[in-house]
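Listed below are the residues making up each chain.
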Amino acid sequence: EALDRAQALLRENPTDEEALLAQGDALGGLGRFAESLDAYRRAHGANPTDPDIVASYAKALFGMGQRAEALALLEAPIRRARDRGVPLWVPRPLG
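This section reports on the structure supplied with the text. (Residues numbered from 1 in each chain as written. Predicted model: local features only at pLDDT ≥ 70, side-chain atom pairs only at ≥ 80, totals over all residues. Heavy atoms only, no water.)

**Some details on the overall build of the protein chain**
And step 1. Regarding its fold elements, the protein chain presents five helices and zero strands.
And step 2. Secondary structure elements of the protein chain, listed N to C terminal, follow the sequence α-α-α-α-α.
And step 3. The C-alpha atoms of the protein chain give 16 Å as radius of gyration, which overshoots the globular expectation for 95 residues (12 Å, by more than 25%).
And step 4. Projected onto the principal axes, the alpha-carbon positions of the protein chain cover approximately 55 × 30 × 25 Å.
And step 5. By residue count, 29% of the 95 residues in the protein chain fall in the buried class.
And step 6. Counted over contacts in the protein chain with a minimum sequence separation of 6, partners at least 24 positions apart contribute 29%.
And step 7. Split by element, the accessible area of the protein chain, about 6,600 Å² in all, is 56% carbon and sulfur. (Helix = DSSP H or I, 4+ residues; strand = E, 2+ residues; numbered from the N terminus. Rg over C-alpha atoms; globule rule 2.2 N^0.38 Å. Buried < 20%, exposed > 50% of the residue type's maximum accessible area, 1.4 Å probe, protein only. Contact = heavy atoms within 4.5 Å. Areas by Shrake-Rupley, 256 points an atom, 1.4 Å probe, with all protein chains shown as cover.)

Encoded structure:
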């Protein structure tokens, strides 16, 4: 049912990142991992900075044995933040 809903949304808008994410989740839940990975890849192409998409895509890559690609995907936002001078943590006063 979730897969049917996602596919119906994608027929209307093939680049709908939320529908692609839902499709990937549904396909993964059905054990159709290669198709799931493709849906996440397309979602990532539509919105490469969405943390839910990045996490789902990386998890799928890792599950398919593509560990180096998964780690590179997860490291990319950290590098972008560091390059822009965005702190990755906020120090707290001691005591």
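**Overview of helix α4 (residues 51–63)**
And step 1. Given a rise of 1.5 Å per residue, 13 residues ought to cover 18 Å, and the 18 Å separating the end C-alpha atoms of α4 matches this to within 8%.
And step 2. Residues I53, V54, S56, Y57, A58, A60 and L61 constitute the buried set of α4.
And step 3. For α4, the elements touching its buried residues are α2 (17–29), α3 (33–46) and α5 (67–83).
And step 4. Of the residues one or two after α4, G65 is the one with positive phi, at around 85°. (Expected span 1.5 Å × (residues − 1).)

**What to know about the packing of α3 against α4**
And step 1. With their axes 9 Å apart at the nearest point, α3 and α4 run at an angle of 145° to one another. Considering how the two elements wind past one another, α3 and α4 form a crossing that is left-handed. Residues L37, Y40, R41, A43 and H44 of α3 touch α4, and the partners they reach there are I53, V54, S56, Y57, A60 and L61.
And step 2. Here the contact of α3 with α4 is composed, by residue class, of eight nonpolar, two polar and one charged. (Axes fitted to C-alpha atoms, helices over the stretch in contact; angles between N-to-C directions. Left-handed = near helix turned anticlockwise from the far one by under 90°. Nonpolar A, V, L, I, M, F, W, Y, C, P; charged D, E, K, R; others polar.)

**Considerations on the packing of aromatic side chains**
And step 1. For the coordinates displayed, the defined rule picks out zero aromatic pairs.
And step 2. Of note, R67 hangs over the ring of F62, and the distance from its end group to the ring centre comes to 4.7 Å. (Phe/Tyr/Trp six-rings, centres within 6.5 Å; stacked < 30°, edge-to-face > 60°. Lys NZ or Arg CZ within 6 Å of the ring centre and 35° of its normal.)

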